[in-house]
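# Close look at the chain arrangement
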Amino acid sequence: MAPLLYVMAILGCGDDGSACSRERVEPATYSSVAECNAAMPAALARHTDLSFPVITAACQSGGGMVAQERKPDARRDG
């Protein structure tokens, strides 16, 4: 089983901090939520160019976001 990795999503939100949408994902991966949270202030400083009243971030499990390229199966009819 592969180790669990975390990614940091950069979110743009309305004035009251609601209605947030994921705008970017940091290119780095983190081995723990604590490591991801520690990197958050620097990451937020890199994304001040977004046009939202509030910019925030969230650490998320990257398991469902990371995909491997699969070569076509030569045995399948197609």
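If you're wondering where the values come from, they're calculated on a predicted model, not measured in any experiment.

### Overview of the sheet that holds strand 1 (residues 6-13)
- Spatially, three strands are ordered 2-1-3 in an open sheet, and the strand pairing comes out antiparallel. Looking at the sheet topology across the chains shown, the edges are occupied by strand 2 (21-25) and strand 3 (54-61). For this sheet the average axis-to-axis angle between neighbouring strands, irrespective of direction, equals 35°.
- Inspection of the sheet shows strand 1 paired to strand 2 by four bridges, in the antiparallel sense. The partner of Ile10 across the bridge, within strand 2, is Arg24.
- Helix 1 (residues 33-46) rests against strand 1 and strand 3 of the sheet, and its axis sits at about 155° to strand 3.

### A look at the state of the cysteines
- For the coordinates displayed, the defined rule picks out two disulfides.
- With its sulfur 2.1 Å from that of its partner, Cys36 forms a disulfide with Cys59. Between Cys36 and Cys59, the disulfide has an S-S torsion of -95° and is therefore left-handed. Taken together, the residues Cys36 in helix 1 and Cys59 in strand 3 connect sequence positions 23 residues apart.
- Of the residues examined, Cys36 reaches a relative accessible area of 0% and is grouped as buried.
- Looking at the protein, its bonded cysteines, counted consecutively from the start of the sequence, adopt the pairing 1-2, 3-4.

### A closer look at the confidence of the model for the protein
- Mean pLDDT over the protein stands at 82; residues scoring 70 or higher make up 76%.
- Taken as a whole, residues 64-78 scores under 50 in pLDDT and shows three contacts with residues more than four places along the chain or in a different chain.

### A look at the nonpolar core
- Counting 10 residues, the largest nonpolar core consists of Tyr6, Met8, Ile10, Tyr30, Cys36, Ala39, Met40, Ala43, Leu50 and Ala57.
- Secondary structure elements with two or more residues in this core: strand 1 and helix 1.
- It is helix 1 that contributes the most residues to this core, four residues altogether.
- Setting aside anything within four residues of it in sequence, one finds Leu50 in contact with Ile10, Glu23, Arg24 and Ile55.

Reading guide: rules and limits
- The written sequence of each chain sets the order in which its residues are numbered from 1.
- Whole-chain, interface and lining totals are the exception, using all residues; otherwise, since this is a predicted model, local features are given only for residues with pLDDT of at least 70 and side-chain atom pairs are given and counted only at 80 or more.
- In computing side-chain values, all of the structure's heavy atoms are included and hydrogens and water are not.
- Between any two strands, pairing holds if DSSP finds at least two bridges.
- For the purposes of this entry, the term helix denotes a DSSP run of H or I that reaches at least four residues, the term strand denotes a run of E that reaches at least two, and both are numbered from the N terminus.
- Each axis is a line fitted through C-alpha atoms, and for a helix only the stretch in contact is used; angles between axes span 0 to 180 degrees, taken between their N-to-C directions.
- Contacts are assigned to residue pairs that have any heavy atoms within 4.5 Å of one another.
- Criterion for a disulfide: a pair of cysteine sulfur atoms within 2.5 Å.
- Relative accessibility under 20% of the residue-type maximum defines a buried residue, over 50% an exposed one, and the middle range a partly exposed one, all with a 1.4 Å probe and only protein chains included.
- Every residue gets a pLDDT, meaning the predictor's confidence in that residue, from 0 to 100.
- As used here, the term nonpolar core means buried Ala, Val, Leu, Ile, Met, Phe, Trp, Tyr and Cys residues forming a set that is joined through side-chain atoms within 4.5 Å.

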